[in-house]
Amino acid sequence: SEEELDRRIRAAKQTLGDRVVVMGHHYQREEIIVHADHTGDSFQLAGFAQQHPDAEAIVFCGVHFMAETADLLSRPDQAVILPNLAAGCSMADMASIDEVEECWEQLAEIYGDMDEADADGLVPVIPVTYMNSSAAIKGFVGRHGGIVCTSSNARTVLEWAFARGRRVLFFPDQHLGRNTAKAMGVPLAQMPMWNPRKPLGGSDEATLDDARVILWHGFCSVHRRFTTAQIDKARADHPGVRVIVHPECPMDVVDAADEAGSTDYIRTAIAATTEPTVFAVGTEVNLVQRLAAQHPQHEIFCLDPVVCPCSTMYRIHPGYLAWVLEGLVAGTVLNRVTVPADVADPARVALERMLAARP
Ligand code: 13P
Ligand code: SF4
């Protein structure tokens, strides 16, 4: 039963004490979040992974790319555990290392030597990967002078990239790439999308010549469900409503919203509002429901009336959390996520560039 699992998780955590740190992404279900020592957006959780050098294990309640990142940033002998190894991210799966390498080769045919800087000191293309990508992709980016970004620092990271390259290749999320570049003043006409089924060349070359941001075809299946019609309805039903969405939403939705930001931006914006307010939120429903419960003075609802959980975040069931924690009590490390050294070294370079990037 739910109570029994809750009791087992508490007991195991009590026995383990400081030997274990439990992290929970904001999209985790409530029964998991109550056991988390740290909650946060993906950027914050990456930082927490560096702050517990004495813990034997980090139990990461989130998705696979987040656990890989925690492994990259934690001490080598610390185990990062993903309670259910089937908790992936469909967006991260939309950029495979083979496809990205193929794209890079095609771009090199058009732009020439990708390592050679022009008279302004800029190389032809800087690759930027969203945190929501595999460690192999982060490794690719690290090997090619590129950098990682999250939804909370995408603009700072793009500025970093434009200080070093003529153009940016941004993957996997087309929406975060487009929304961020648009907010920086890049015209849509300078944001072509790479199409794996249509080799570059011919008339595309003209577009690619002026390109500032080359987008990838990835998207988040949760956030692409939000529409401007939902925003129109929220505004009609609740005059004065504040609409806040995640930047993984399509561009028209971000443009129609009042604000866009990371999961922690959304949490903080609502927590900082003292005046009773109606909030329509365009992000994963577990976070929206938690915020609604925490702030009864506000009316907070999800823009999408059909409940839209992230199905892979939801795969972290309390039963798995109890199982991996009890494993640690018994001296067994279950479901460890490790990034192989050949990928880890360049991937860490790309992450460290992000951690050091300043506006
Ligand atoms: P945040 O970095 O905003 O937490 O987003 C992570 C994520 O997966 C959003 O879909
Ligand atoms: Fe991936 Fe979207 Fe789920 Fe975030 S919400 S983990 S981007 S599928």
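Computed from a predicted structure; not experimentally measured.

What counts and what doesn't
- Residues numbered from 1 in each chain as written.
- Chains lettered and ligands numbered in written order.
- Predicted model: local features only at pLDDT ≥ 70, side-chain atom pairs only at ≥ 80, totals over all residues.
- Axes fitted to C-alpha atoms, helices over the stretch in contact; angles between N-to-C directions.
- Helix = DSSP H or I, 4+ residues; strand = E, 2+ residues; numbered from the N terminus.
- Parallel < 35°, antiparallel > 145°, perpendicular 65-115°, else oblique.
- Contact = placed C-beta atoms within 7 Å.
- Nonpolar A, V, L, I, M, F, W, Y, C, P; charged D, E, K, R; others polar.
- Left-handed = near helix turned anticlockwise from the far one by under 90°.
- Near = placed C-beta within 6 Å.
- UniProt positions renumbered as here; feature names shortened; annotations may be inferred.
- Buried ≥ 20, exposed ≤ 12 C-beta atoms within 10 Å, placed from the backbone.

**Quick word on the packing of helix H5 (residues 97-111) against helix H6 (residues 135-143)**
No. 1: At a minimum axis separation of 9 Å, H5 and H6 run at an interaxial angle of 25°. Relative to H6, the element H5 lies roughly parallel. Along its contact with H5, which presents Ile 97, Val 100 and Glu 101, the element H6 presents Ala 136, Ile 137 and Phe 140.
No. 2: Taken together, the residues that form the contact of H5 with H6 break down as five nonpolar, no polar and one charged.

**Quick word on unusual backbone geometry**
No. 1: A cis amide bond links Phe 171 with the next residue in sequence, Pro 172, at an omega value of -10°.
No. 2: Relative to the helices and strands, Pro 172 is located in the loop between strand S7 (165-171) and helix H8 (174-183).

**Things to note about the packing of H6 against helix H15 (residues 341-356)**
No. 1: For the pair H6 and H15, the least separation of the axes is 7 Å and the interaxial angle reads 70°. Our classification of the angle between H6 and H15 gives roughly perpendicular. Considering the relative orientation of H6 and H15, their crossing is left-handed. Contacts between H6 and H15 pair Ala 135, Ala 136, Lys 138, Gly 139, Val 141, Gly 142 and Arg 143 from the former with Val 343, Ala 344, Pro 346, Ala 347, Val 349, Ala 350 and Leu 351 from the latter.
No. 2: Of the residues belonging to the contact of H6 with H15, the class tally is ten nonpolar, two polar and two charged.

**Structural notes on the site of ligand 1**
No. 1: Every residue lining ligand 1 is accounted for by His 26, Asp 41, Ser 42, Phe 43, Asn 132, Thr 150, Ser 151, Cys 220, His 246, Glu 248, Ser 262 and Thr 263.
No. 2: Classifying every residue of the shell around ligand 1 by side-chain character gives two nonpolar, eight polar and two charged.

**Quick word on the UniProt feature "binding site: iminosuccinate" (unreviewed entry) in the chain**
No. 1: Mapped onto the present numbering, the UniProt feature "binding site: iminosuccinate" (unreviewed entry) falls at His 25, Ser 42, Tyr 130, Met 131, Asn 132, Ser 151, His 246, Pro 247, Glu 248 and Thr 263.
No. 2: Secondary-structure assignment places Tyr 130 in strand S5 (residues 123-130).
No. 3: For Tyr 130, a count of 29 C-beta atoms within 10 Å translates into the label buried.
No. 4: Once residues lying within four places of it in the same chain are set aside, the contact partners of Tyr 130 are Cys 149, Pro 172, Asp 173 and Leu 176.
No. 5: Looking at where Met 131 falls in the secondary structure, it is placed in the loop between S5 and H6.
No. 6: Here Met 131 is in contact with Ser 42, Phe 65, Thr 69, Val 148, Cys 149 and Thr 150, once residues within four sequence places are set aside.

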